[in-house]
Amino acid sequence: MLPRTFYLRSVNRVAPELLGKLLVHDTPEGTTSGIIVEVEAYDGKTDKGAHSYPNKRTPRTEIQFGPGGFAYVYAIYGMHNCFNVVTGGEGDPQVALVRALEPVDGLELMTRRRNVRDRNALCSGPGKLCQALGITKAQYGVDLCISALHIEPYLDIAPEQIMVSPRINIDYAEECRDYPWRYYIKGNPCVSSVPRKYRDAARPWQPIK
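What comes next concerns the included structure. (Residues numbered from 1 in each chain as written. Predicted model: local features only at pLDDT ≥ 70, side-chain atom pairs only at ≥ 80, totals over all residues. Heavy atoms only, no water.)

### Some remarks on the pattern of salt bridges
Part 1: The final tally for this structure, using the stated rule, is 14 salt bridges.
Part 2: With a closest N to O distance of 2.6 Å, Asp-47 and Arg-167 form a salt bridge. Residue Asp-47 is located in the loop between strand E2 (30-43) and strand E3 (71-76), and its partner Arg-167 is located in the loop between strand E7 (162-165) and strand E8 (182-185); the two are separated by 120 residues in the primary sequence. An identical accessibility class is assigned to Asp-47 and Arg-167; each is buried. (Salt bridge = Lys/Arg side-chain N within 4 Å of Asp/Glu carboxyl O. Helix = DSSP H or I, 4+ residues; strand = E, 2+ residues; numbered from the N terminus. Buried < 20%, exposed > 50% of the residue type's maximum accessible area, 1.4 Å probe, protein only.)

Spelled out as structure tokens, the structure:
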């Protein structure tokens, strides 16, 4: 499992480094896992796209105000769960939304949960990957450093393989909607399908120095 120190950094340092890591969920039904191929960064201090903006502490966002390395899970449209990794230190609400995985372990179980046979489509979206891996709001707040839901080192992704674009469908975030805080592995077939405007805006990642 990744150590706590990995998560105790700003979200825009952690998010691109999550690419290539393995998200694993051990459940009574079996183990499923996938390579993280797409993520988005959210910073509750200044980012109007974040649930915790501007440092808004609620029962829903409470876990974001603790140290990094915990799971923030929420539902959209009352039916789809989204899995996020808390980053940063105490009192500094930041999360990385995991948007897509490349399936590795438990393909049969993922297929049964999703009723989808196309491997590339099993986890090609935040709601899809949660369904495939059996992630629900029951995993809200779990410690990713010690729990059945965790992240492991797996592949080393070269900087030139990483692309950035604006985040998906957050027009409500006003000027923050254009922040290039979506990171994904170039050419990976499991990255979520997005409107052309996001593809056209994509560019190579420049690491923070």
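### With respect to the packing of helix H3 (residues 107-114) against helix H4 (residues 126-133)
Part 1: Look at H3 against H4: their axes get within 7 Å of each other, and the N-to-C directions meet at 115 degrees. Pair H3 / H4 crosses with right-handed handedness. Seen from H3, the contacting residues are Met-110, Arg-113 and Arg-114; seen from H4, they are Lys-128, Gln-131, Ala-132 and Leu-133. (Axes fitted to C-alpha atoms, helices over the stretch in contact; angles between N-to-C directions. Left-handed = near helix turned anticlockwise from the far one by under 90°. Contact = heavy atoms within 4.5 Å.)

### Focus on H4
Quick reminder: α-helices carry 3.6 residues per turn. Residues three or four places apart thus point the same way.
Part 1: Of all eight residues making up H4, six are buried, and the element is well covered by its neighbours.
Part 2: Of the surrounding elements, those touching the buried residues of H4 are strand E1 (22-27), E2, strand E4 (80-87), strand E5 (94-103) and H3.

### Digging into the environment of Phe-83
Part 1: Tracing the sequence through the fold places Phe-83 in strand E4.
Part 2: Residue classification places Phe-83 among the buried residues on the basis of a relative accessible area of 0%.
Part 3: Counting along the chain gives ten residues from Phe-83 to Val-73, while the straight-line C-alpha distance between them is 4.8 Å.
Part 4: Not counting the four nearest positions on each side in its chain, Phe-83 is found in contact with Leu-23, Ala-71, Tyr-72, Val-73, Ala-96, Leu-97, Val-98, Cys-130, Ile-135, Leu-144 and Leu-149.

### Some points on the nonpolar core
Part 1: If you look at the biggest cluster of nonpolar residues, it comprises 48 residues, and the most contacted ones within it are Leu-18, Leu-23, Ile-36, Phe-83 and Tyr-183.
Part 2: The biggest single contributor to this core is E2, with five residues.
Part 3: Among all residues touching Leu-18, those that are not within four sequence positions of it are Phe-6, Ile-36, Val-39, Val-85, Ala-96 and Ile-151.
Part 4: Membership of the second largest hydrophobic core comes to 13 residues, among which are Ala-50, Ile-63, Ile-170 and Cys-176. (Core = buried A, V, L, I, M, F, W, Y, C linked by side-chain atoms within 4.5 Å.)

### Focus: the side chain of Gln-94
Part 1: On the secondary structure map, Gln-94 appears in strand E5.
Part 2: A distance of 2.9 Å separates a polar atom in the side chain of Gln-94 from a polar atom in the side chain of Asp-92.
Part 3: When near neighbours in sequence (up to four residues on either side) are disregarded, Gln-94 contacts Ser-10, Val-11, Tyr-42, Asp-43, Lys-45, Gln-64, Val-85, Val-86, Thr-87 and Gly-88. (Polar contact = N/O pair within 3.5 Å; in protein donor to acceptor, adjacent residues only side chain to side chain.)

### Topic: the pairing of E1
Part 1: Of all six residues in E1, five are buried; the element is thus mostly enclosed.
Part 2: Hairpin connection from E1 to E2: two residues lie between these consecutive antiparallel strands.
Part 3: Here E1 runs beside strand E6 (residues 149-152); their pairing, made up of four bridges, is antiparallel. Bridge pairing links His-25 to Leu-149 in E6. (Pairing = 2+ DSSP bridges.)

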